[in-house]
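The lines below spell out each chain.
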Amino acid sequence: MKLSQNGLNLIKQYEGLKLSAYKDSAGIPTIGYGHTRNVVLGQKITEEKAEAFLLEDLVIAQTKVSKLDYIYHWNQNEFDSLTSFVFNIGTLTALTKFGTRTKEEIASKMLLYVNAGGKKMQGLVNRRKSEHDLFLTPVPNEDNSFKVGQKVKIMVSGLRLRSEATTKSPEIRKLRKGNTYSVNNVVLDPAGNIWLQIA
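These figures come from a predicted structure and were not determined experimentally.

J.: Would you mind showing me how to read unusual backbone geometry here?
T.: Peptide bonds are trans in most cases, and residues, glycine excluded, mostly fall at negative phi. One non-glycine residue, His-73, lies in the positive phi region at around 50°. Phi at Phe-98 takes a positive value of approximately 60°, unusual for a residue other than glycine. One can find Phe-98 in the loop between helix H5 (93-96) and helix H6 (103-110). By relative accessible area, which is 69% here, Phe-98 ends up exposed.

J.: What's the story with the side chain of Thr-96 in this structure? I'm lost.
T.: You can see Thr-96 is positioned in helix H5. Taking the relative accessible area as the measure of exposure, Thr-96 reaches 1% and is therefore buried. In contact with Thr-96, not counting residues within four places along its chain, are Leu-68, Tyr-72, Arg-101 and Ile-106.

J.: Honestly, the packing of aromatic side chains in this entry has me stumped. Any pointers?
T.: Aromatic ring pairs are defined here through the distance separating the ring centres and the angle between the ring planes. Within this structure, the stated rule accounts for three aromatic pairs. Between Trp-74 and Phe-135, the aromatic rings sit 6.3 Å apart at their centres with planes inclined by 70°, giving edge-to-face as the arrangement. Here the residue Trp-74 occupies a position in the loop between helix H3 (69-72) and helix H4 (76-89), and Phe-135 occupies one in helix H7 (residues 122-135), the gap between them amounting to 61 residues. Considered together, Trp-74 and Phe-135 belong to a single accessibility category, that of buried residues.

J.: How should the pattern of salt bridges be read in this particular structure?
T.: A side chain with one charge may pair with a side chain of the opposite charge, provided their charged atoms come close. Inspection of every chain in the model, using the stated rule, returns 10 salt bridges. Between Arg-128 and Glu-131 there is a salt bridge, with its nearest N and O atoms 2.7 Å apart. With Arg-128 and Glu-131 both in helix H7 and three residues apart, the pair spans about one turn of that helix. Salt bridges here are not isolated pairs; linked through shared partners, they connect Glu-15, Arg-127, Arg-128 and Glu-131.

J.: In this structure, what is going on with the packing of H6 against H7? I would like to understand it.
T.: Packed helix pairs are specified by the crossing angle of their axes together with the interaxial distance, meaning the distance between the axes. Here H6 crosses H7 at 165°, and the two axes come no closer than 9 Å. Taken together, the axes of H6 and H7 lie roughly antiparallel to each other. Taken as a pair, H6 and H7 cross one another with a handedness that is left-handed. Contacts from Lys-103, Ile-106, Ala-107, Ser-108 and Met-110 of H6 reach H7 at Arg-128, Glu-131, His-132 and Phe-135.

Conventions and cut-offs
- Per-chain numbering applies: the sequence of each chain, read as written, is numbered from 1 onward.
- In view of the model being predicted, local features appear only for residues whose pLDDT reaches at least 70, and side-chain atom pairs are presented and counted only at 80 or more, with totals across whole chains, interfaces and linings using the full set of residues.
- The side-chain quantities take in all heavy atoms of the structure and omit both hydrogens and water.
- Helix and strand definitions here come from DSSP, where helices need a minimum of 4 consecutive H or I residues and strands a minimum of 2 consecutive E residues; each element is numbered from the N-terminal end.
- Here the term buried applies to any residue with accessible area under 20% of the maximum for its type, exposed to any over 50%, and partly exposed to those in between, with areas from a 1.4 Å probe on protein chains only.
- Should any heavy atoms of two residues lie within 4.5 Å, those residues are counted as being in contact.
- The criterion for an aromatic pair is that two Phe, Tyr or Trp rings (for Trp, the six-membered ring) have centres within 6.5 Å, with stacked assigned to planes under 30 degrees apart, edge-to-face to planes over 60 apart and tilted to the rest.
- We count a salt bridge whenever a side-chain nitrogen from Lys or Arg sits within 4 Å of a carboxyl oxygen from Asp or Glu.
- Axis definition: a line fitted to C-alpha atoms, over the contacting stretch in the case of helices. Angles run 0 to 180 degrees between N-to-C directions.
- The labels follow the angle: roughly parallel below 35 degrees, roughly antiparallel above 145, roughly perpendicular from 65 to 115, and oblique for the rest.
- The hand of a helix crossing depends on one turn: near helix anticlockwise from the far one by less than a right angle means left-handed, and clockwise means right-handed.

Here it is as structure tokens:
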């Protein structure tokens, strides 16, 4: 599973964009959308570089959330919410108590992470509330009929194979009616469209 555009927008909203390095609320040199690795005060970057930093940093956050998918089977909103949480906090270990808490407990405990530098921060209160609400928001048209490893037969003409789960990605080719493919992954985009990654 990958972060959706909805999840990316949430992270951008709360991180904000700063093209000059500054100290965050915990005193850590930061730039772009909350990027902290190898940042020095006085550093300046472009908006394009900030976007590149963000996408690099999000790989780490998404990986940490994905590692617990075998326990929780996250839906898209849960995944997006927790990716935002991990991007900000750095870990899921305490929140999930090493994968022993229920989803309901996770949602409840999420609201406790509102301090920075030993002080309660209103910005973190707002962020946790947004992440909490997204976590508990049902995914529209969530589909349970497709499973990883399932064989699917193309029953209609005109289906397009694309490089990514978005209509904006390049079309590779049209799928031939009658052919059978193995499902490697099932993705639900923010609009509720179901995408199958096929072998």
